[in-house]
Amino acid sequence: MRPPSTHQEPVTVRVFTQRLSSTPRGARLARHLGLHQLHRWGIEHGSGTSDTVGLLVAELAANAVTHGRVPGRDFELTLAYTPGLLLRVDVADSRTERRPPGPGGIAGPRPLDESGRGLLVVQALATRWAVLDRVPVGKTVRAELDLSRPTPPVPGRSRSDGW
């Protein structure tokens, strides 16, 4: 007796990887390139998913150039998209000794602090996130969005903002 056959659609994972200079300009470019790539994959600019990924890339890239910068070394942005299932954002840098706390280990800033909120934003927006070792040196901060659940709109943004 044969087991019942089930039809499965093939899964296509689309991947985009770009190295960028560890500068504020490189961080801004990472966000723009990420949003452009999402648009090429059919994720509409200004949608909840696009806005959320734009913020994740912006926060992780800013952290990489601010806290993970090694002179003369770039950082790397990787987006992996499995339509209808998952969108993963990886930002890797070469600095090993300055490792951010992982999920659940983030202490919030004091009310008047001018920084320290980036990973709180990542934690609030991502379905899950982690800090991983990077081979041969450095770290990768990964944020994932489960696309089988609707992405809530980013607070304070509306489609009429002109983005």
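Heads up: the structure comes first, above all this text.
Now for a look at the structure at hand. Keep in mind the model is a prediction, meaning the values are calculated, not measured.

Thoughts on the packing of helix α1 (residues 24–40) against helix α2 (residues 48–67)
And step 1. Axis separation between α1 and α2 bottoms out at 9 Å; the angle between their running directions is 155 degrees. Here α2 runs roughly antiparallel to α1, going by the angle between their axes. The interaxial crossing formed by α1 with α2 has right-handed handedness. Of the residues in α2, those touching α1 at P24, A27, A30, R31, L35 and L38 are S50, V53, G54, V57, A58, A61, A62 and V65.

Details of the packing of aromatic side chains
And step 1. Taken as a whole, this structure holds one aromatic pair when the rule is applied.
And step 2. A centroid spacing of 5.5 Å and a plane angle of 20 degrees characterise the contact between W41 and Y81, whose relative ring orientation is stacked. Within this pair, whereas W41 is found in the loop between α1 and α2, its partner Y81 is found in strand β2 (residues 75–82), the two being separated by 40 residues in sequence. Both residues of the pair, W41 and Y81, count as buried.

Comments concerning α2
And step 1. For α2, with 20 residues, the first-to-last C-alpha span of 28 Å sits near the 28 Å given by 1.5 Å per residue.
And step 2. Three or more residues of α2 are buried, namely T49, S50, D51, T52, V53, G54, L56, V57, L60, A61, A64 and V65.
And step 3. On its buried side, α2 packs onto α1, β2, β3 (86–93), α3 (118–125) and β5 (139–146).

Here we look at the side chain of S50
And step 1. Structurally, S50 is set in helix α2.
And step 2. Sequence-distant contacts of S50, that is, excluding residues within four places in its chain, are made with L35, L38, I43, E44 and H45.

With respect to the nonpolar core
And step 1. Grouped together as the largest cluster of nonpolar side chains are 32 residues, with contacts concentrated most on L77, L87, V89 and W129.
And step 2. Contributions of two or more residues to this core are made by β1 (14–20), α1, α2, β2, β3, α3, β4 (128–133) and β5.
And step 3. Element by element, the count of residues in this core is highest for α2, at seven residues.
And step 4. Sequence-distant contacts of L77, that is, excluding residues within four places in its chain, are made with F16, T17, Q18, L20, A30, G34, V57, V89, D90 and V91.

Quick look at the packing of α2 against α3
And step 1. One way to put it is that α2 packs onto α3 with a least axis distance of 9 Å and a crossing angle of 150 degrees. Compared by their axis directions, α2 and α3 come out roughly antiparallel. α2 and α3 meet at a crossing whose hand is left-handed. Along its contact with α2, which presents T52, L55, L56, E59, L60 and N63, the element α3 presents G118, L119, V121, V122 and L125.
And step 2. In terms of residue class, the contact of α2 with α3 is made up of seven nonpolar, three polar and one charged.

What to know about the sheet that holds β5
Within a sheet, adjacent strands bond to each other through the backbone by hydrogen bonds, running parallel or antiparallel.
And step 1. Ordered in space as β1-β2-β3-β5-β4, the five strands form an open sheet in which the pairing is antiparallel. For this open sheet the edge positions go to β1 and β4, each flanked by a neighbour on one side alone. The average undirected angle you get between the axes of adjacent strands in this sheet is 15 degrees.
And step 2. Both β3 and β5 contribute to a ladder of eight bridges, which runs antiparallel. Note that in β5 the partner of L86 across the bridge is D146.
And step 3. Running over the sheet, α2 touches β2, β3 and β5 and is turned about 15 degrees from β3.

Observations regarding the pairing of β2
And step 1. In terms of burial, β2 is a largely internal element, eight of the eight residues being buried.
And step 2. Where burial is concerned, the two faces of β2 agree: the one with F75, L77, L79 and Y81 and the one with E76, T78, A80 and T82 are both buried.
And step 3. In this sheet, β3 lies alongside β2 in antiparallel orientation, the contact comprising seven bridges. Residue L77 lies in a different strand from β3, and its bridge partner there is V91.
And step 4. Linking two consecutive strands that pair antiparallel, namely β2 and β3, is a turn of three residues; a positive phi of about 80 degrees is found at G84 within it.

Here is what the cut-offs are and how they apply
Residues numbered from 1 in each chain as written. Predicted model: local features only at pLDDT ≥ 70, side-chain atom pairs only at ≥ 80, totals over all residues. Heavy atoms only, no water. Axes fitted to C-alpha atoms, helices over the stretch in contact; angles between N-to-C directions. Helix = DSSP H or I, 4+ residues; strand = E, 2+ residues; numbered from the N terminus. Parallel < 35°, antiparallel > 145°, perpendicular 65-115°, else oblique. Left-handed = near helix turned anticlockwise from the far one by under 90°. Contact = heavy atoms within 4.5 Å. Phe/Tyr/Trp six-rings, centres within 6.5 Å; stacked < 30°, edge-to-face > 60°. Buried < 20%, exposed > 50% of the residue type's maximum accessible area, 1.4 Å probe, protein only. Expected span 1.5 Å × (residues − 1). Core = buried A, V, L, I, M, F, W, Y, C linked by side-chain atoms within 4.5 Å. Nonpolar A, V, L, I, M, F, W, Y, C, P; charged D, E, K, R; others polar. Pairing = 2+ DSSP bridges.

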